[in-house]
Amino acid sequence: MREEAMTAVSGTRDDVLAVLDRLGVDRAVLAGGDIVARSPIDGGEAGRVTTLSAADVDALVRKAHAAQLAWRVVPAPRRGELVRLLGEELRAVRTDLGLLVTLEAGKILSEGLGEVQEMIDICDFAVGLSRQLYGLTIATERPGHRLMETWHPLGVCGVISAFNFPVAVWSWNAALALVCGNSVIWKPSEKTPLTAIAVQAAFERAAAKFGSAPDGLSILAQGHADVGQALVDHPLVPLVSATGSTRMGRAVAPRLAARFARAILELGGNNAAIVAPSADLELAVRGIAFAAMGTAGQRCTTLRRLIVHEAVADRLLDRLAAAYRSVKVGDPREAGTLVGPLIDKASYDGMVKALAAAKAAGGTVIGGDRVDVGSGDAYYVRPALVVMPDQAGPMLEETFAPILYVVRYRDLDQAIALQNGVPQGLASSIFTTDMREAETFMSPAGSDCGIANVNLGPSGAEIGGAFGGEKETGGGREAGSDSWKAYMRRATNTINYSRSLPLAQGVQFDIG
Ligand code: NAD
């Protein structure tokens, strides 16, 4: 393996303070509290942020509820104007907010910027949507009647987000929720409190420009899981969109179900790509490298399982092993770095444990070593490529780290069975130039995931499509297409403009 002399990482505290100044966030937010604002780049603390307790949530929900009652009667295109202004604010701070994502979540700069771009994109989408919240008019069996659907605002939308998309997930939910006439309460990850504060500041600037947004329309509720749980349990929160691990989803889903609230669950993935004999291997190597090593393996859509036809496996593995040995791991602020740090020690420990389990199951590991960057509190790893005898053990779980397991296959049915043979169902892809294989993969008998791609990796979705997955990924859908419907309530209206009262299905009920 190529051993690189890494540049020592440091200086994140000064960078964080400088970027907060530029983003208009008062440094006093770091004056003390329960949440440590820490950069995974050097493990250094920038300060501490005050949290709420579960007991504080009720007052916030009531404030958001009052705001929603006023907001729901504002015409939707006018609501869209607020989201347009939010998009403008985000454009103005794109570079600095992207840098803060890098500092707080450890993403390389272009991915930090890409995440903010995703926020801008969903704002644009939501602005257009604000003039297209349409319902159907349906043929009625009764003369002199009209049957139609109307869509109405829902109420307070709770958003619980994960560390690895510290800003985009809020915007996917908030931009849609706001144009749909709802208010929003956001419980961000306790690992990324500063990006949340910067986003809230951008929202408040947009609201000030808008002029008439009710107070409490979008509330930030920093805290630990208990704050999220208080949102989940609150009767005035009809919808909770929760992004995070399947473990979190298992705690949240039954509580929401117990009070018949709506859930949009965006949980863990265990995403695969199939590489068929006809694949363009150059393209496949590039697609696999980004999907498996990008974001240091910390995307929900990260490629974790590679299912390769035995005819091309050796060639592909040679190419991939070379890429894994040479990819630049290090400070995500430096040009050329493609793999930044893991978020924390727990994440590193999870990777070590999974690699040990893979070896015990007969796997051969390339890479996976810790990379020294001169700070014991930062966790950098060389991504691991693990050739497995079959799909078993740690391959069936999501380890939130850059591990790519590889198994071989003989025919497409077997490959699809392997792809579907895990509890999670988020993202999938196939590399093939055979039209029959591509179509089979996307057919009802193909991939069982919410995302099924052809000739690109499973990660890096655009906001125009609905995003989410099946099985243990939770079944939620966010972002584009008709995902907005989850943020509204549907009413079916029958209007009688005749002088008689025919009953449906020919029922007679004549009271003389
Ligand atoms: P996590 O589950 O540890 O935490 C996510 C959020 O849930 C945090 O804000 C946390 O405070 C909150 N939380 C935890 N327990 C809770 C409870 N009982 N009640 C209410 N809130 C609770 O996840 P993480 O480590 O921050 O993020 C990584 C995970 O998120 C991975 O599994 C990844 O696949 C998943 N993820 C999924 C998607 C998707 O769209 N499917 C997107 C991003 C991340």
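All values reported here derive from a predicted model rather than from experimental measurement. (Residues numbered from 1 in each chain as written. Predicted model: local features only at pLDDT ≥ 70, side-chain atom pairs only at ≥ 80, totals over all residues. Heavy atoms only, no water.)

**Some remarks on the sheet that holds strand β11 (residues 303–309)**
No. 1: Reading across from one edge, β12-β15-β16-β11-β10-β18-β19 is the order of the 7 strands in this open sheet, with mixed pairing throughout. Looking at the sheet topology across the chains shown, the edges are occupied by β12 (364–367) and β19 (451–454). The mean angle between the axes of side-by-side strands here comes to 20 degrees, regardless of whether they run parallel or antiparallel. (Pairing = 2+ DSSP bridges. Helix = DSSP H or I, 4+ residues; strand = E, 2+ residues; numbered from the N terminus. Axes fitted to C-alpha atoms, helices over the stretch in contact; angles between N-to-C directions.)

**A look at the nonpolar core**
No. 1: L97, W170, L194, V275, I288, L306 and L316 are the most contacted members of the largest nonpolar core, which has 138 residues in total.
No. 2: The element contributing the most residues to this core is helix α7 (residues 193–210), with 11 residues.
No. 3: Residue contacts for I288: discarding those within four places in its chain leaves V275, M293, L303, L306, L316, L320, L404 and F431. (Core = buried A, V, L, I, M, F, W, Y, C linked by side-chain atoms within 4.5 Å. Buried < 20%, exposed > 50% of the residue type's maximum accessible area, 1.4 Å probe, protein only. Contact = heavy atoms within 4.5 Å.)

**Description of the UniProt feature "domain: Aldehyde dehydrogenase" (unreviewed entry) in the protein**
No. 1: Taken from the UniProt record, the annotation "domain: Aldehyde dehydrogenase" (unreviewed entry) applies to residues 36–490.
No. 2: Secondary structure across residues 36–490 divides into 39% helix and 20% strand, with the first and last C-alpha atoms of the span separated by 42 Å. (UniProt positions renumbered as here; feature names shortened; annotations may be inferred.)

**Section: helix α6 (residues 168–179)**
Side chains three or four residues apart in an α-helix point the same way, a direct result of the helix having 3.6 residues per turn.
No. 1: With 12 residues, α6 extends 17 Å from end C-alpha to end C-alpha; this agrees with the ideal 16 Å at 1.5 Å per step.
No. 2: Of the residues one or two after α6, G181 is the one with positive phi, at around 90 degrees. (Expected span 1.5 Å × (residues − 1).)

**So, the pattern of salt bridges**
No. 1: The final tally for this structure, using the stated rule, is 26 salt bridges.
No. 2: Residue E81 is joined to R84 by a salt bridge in which the shortest nitrogen-to-oxygen separation is 2.9 Å. With E81 and R84 both in helix α3 (residues 76–92) and 3 residues apart, the pair spans about one turn of that helix.
No. 3: Owing to a relative accessible area of 25%, E81 belongs among the partly exposed residues under this scheme. (Salt bridge = Lys/Arg side-chain N within 4 Å of Asp/Glu carboxyl O.)

**Here's the deal with the domain arrangement of the protein**
No. 1: One can read the domain layout of the protein as domain 1 (52–86 + 107–267 + 474–491) and domain 2 (271–463).
No. 2: Inter-centroid distance (C-alpha atoms) of domain 1 to domain 2 is 31 Å.
No. 3: Every contact between the two is made by 17 residues of domain 1 and, on the other side, 17 residues of domain 2.
No. 4: Of the roughly 1,400 Å² buried between domain 1 and domain 2, counting both surfaces, carbon and sulfur atoms make up 64%.
No. 5: The largest per-residue losses of area from domain 1 upon contact with domain 2 belong to I108, E111 and F163, which jointly make up 35% of the total buried on that side.
No. 6: Linking domain 1 with domain 2 are 2 salt bridges.
No. 7: The shortest N-O distance in the salt bridge between R299 and E111 comes to 3.0 Å.
No. 8: If you look at where domain 1 meets domain 2, you find 5 residue pairs in polar contact (both at pLDDT 80 or more).
No. 9: With 6 residues, helix α5 (residues 109–129) is the largest single contributor of residues to the side of domain 1 that touches domain 2. (Domains from an automatic or database assignment. Buried area = accessible area lost by both parts, 1.4 Å probe. Polar contact = N/O pair within 3.5 Å; in protein donor to acceptor, adjacent residues only side chain to side chain.)

**Topic: the environment of S443**
No. 1: With respect to the element layout, S443 can be found in the loop between α14 (435–442) and β19.
No. 2: The spacing of S443 and L306 is 137 residues in sequence and 20 Å in space, taken between C-alpha atoms.

**Considering the UniProt feature "active site" (unreviewed entry) in the protein**
No. 1: Here, the residues flagged by UniProt with the feature "active site" (unreviewed entry) are E266.
No. 2: Turning to its location among the elements, E266 is positioned in strand β9 (residues 262–266).
No. 3: Once residues within four sequence positions are removed from consideration, E266 is found in contact with A242, T243, G244, F467, G468, G469, T473, G476, R477 and E478.

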